[in-house]
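Take a look at the letters that make up each chain.
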Amino acid sequence: MSFIDYDPGIRVQLCSCHPLESWEFRNLSAPHWRLYWNDRRGAAVSLRRRRTALTPARFLVIPPDTPFAARLSRPVTHFYMHFTADPPFDAARPGVYTFPARPALRSQVGELRRMLGSRAGPGPRASLLCRSLAAVALSRVPAASFRPGPAD
């Protein structure tokens, strides 16, 4: 068995974590991926009348150009990241995809939260942790969700 390395070209545009007391949007859409995780229940996103709650037990990942609504029913601490990636990861079908927030991933988020809040600020390690989370998120989106590229 062999393997050929592929660089998905992940570029993190923003990584942040802060308390949310208001999060009410009818139509969010942007040309980048979004990765969300909250420390407790209280927020949800909706796409085509399907509501998906943000919980500590799972991450949500939303592809570029997906129009969705967001709502908050009670305050939460909101971790989020915006990123882009190269083909085929730049052309996913609109959707809201979830995957389990396993302890190792929650630990990465905790480490990033500490780095974001430190006086020294995040450094190169934070960038690696963000790219790692983004790579895991992309790997959890079903392969059938990616549109085929143009034929040569």
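Everything below is about the structure printed above this text.
The rules behind each value
Residues numbered from 1 in each chain as written. Predicted model: local features only at pLDDT ≥ 70, side-chain atom pairs only at ≥ 80, totals over all residues. Heavy atoms only, no water. Helix = DSSP H or I, 4+ residues; strand = E, 2+ residues; numbered from the N terminus. Expected span 1.5 Å × (residues − 1). Contact = heavy atoms within 4.5 Å. Pairing = 2+ DSSP bridges. Axes fitted to C-alpha atoms, helices over the stretch in contact; angles between N-to-C directions. Phe/Tyr/Trp six-rings, centres within 6.5 Å; stacked < 30°, edge-to-face > 60°. Buried < 20%, exposed > 50% of the residue type's maximum accessible area, 1.4 Å probe, protein only. Lys, Arg positive; Asp, Glu negative; His and termini not counted. Salt bridge = Lys/Arg side-chain N within 4 Å of Asp/Glu carboxyl O. Polar contact = N/O pair within 3.5 Å; in protein donor to acceptor, adjacent residues only side chain to side chain.

**Focus: helix α1 (residues 103-117)**
Logical step 1: Between its terminal C-alpha atoms α1 stretches 21 Å, which fits the 21 Å expected from 15 residues at 1.5 Å a residue.
Logical step 2: Packed against the buried residues of α1 are β1 (11-20), β3 (33-38), β6 (58-62), β8 (76-84), β9 (97-100) and α2 (124-140).

**A short note on the sheet that holds strand β4 (residues 43-47)**
Logical step 1: Overall, antiparallel pairing links the four strands, which are arranged β2-β7-β4-β5 in an open sheet. Each edge of the sheet is formed by a strand with only one pairing partner; in this case those strands are β2 (25-28) and β5 (50-54). Taken pair by pair, the neighbouring strands of this sheet meet at an average axis angle of 25°, ignoring direction.
Logical step 2: Bridge analysis of β2 against strand β7 (residues 68-72) gives two bridges, and the strand direction is antiparallel. Note on β7: the bridge partner recorded for Phe25 is Ala70.

**Points about the packing of aromatic side chains**
Logical step 1: By the definition in use, this model includes eight aromatic pairs.
Logical step 2: Taken together, a centroid distance of 6.4 Å and an interplanar angle of 50° make the contact between Trp33 and Phe146 tilted. Taken as a pair, Trp33 in strand β3 and Phe146 in the segment after α2 lie far apart in primary sequence, 113 residues in all. Grouping residues by exposure puts Trp33 and Phe146 together as buried.
Logical step 3: With centroids separated by 6.5 Å and ring planes inclined at 65°, the aromatic side chains of Tyr36 and Phe68 adopt a geometry described as edge-to-face. Taken as a pair, Tyr36 in strand β3 and Phe68 in strand β7 lie far apart in primary sequence, 32 residues in all.
Logical step 4: On the basis of relative accessible area, Phe68 is assigned to the buried category, the value being 1%.
Logical step 5: Feature note: the residues Tyr6, Trp33, Phe83, Phe89 and Phe146 constitute an aromatic cluster, connected by ring pairs.

**Considering the side chain of Arg34**
Logical step 1: With respect to the helices, strands and loops of the structure, Arg34 is situated in strand β3.
Logical step 2: One buried charged side chain, Arg34, makes no salt bridge at all; its nearest oppositely charged neighbour is Asp65, positioned 8.9 Å away.
Logical step 3: Reaching out from Arg34, the side chain makes a polar contact with the side chain of Tyr36 at a distance of 3.3 Å.
Logical step 4: If we ignore the near neighbours within four places in the chain, the residues touching Arg34 are Leu28, Ser29, Leu60, Val61, Ile62, Phe68, Met81 and His82.

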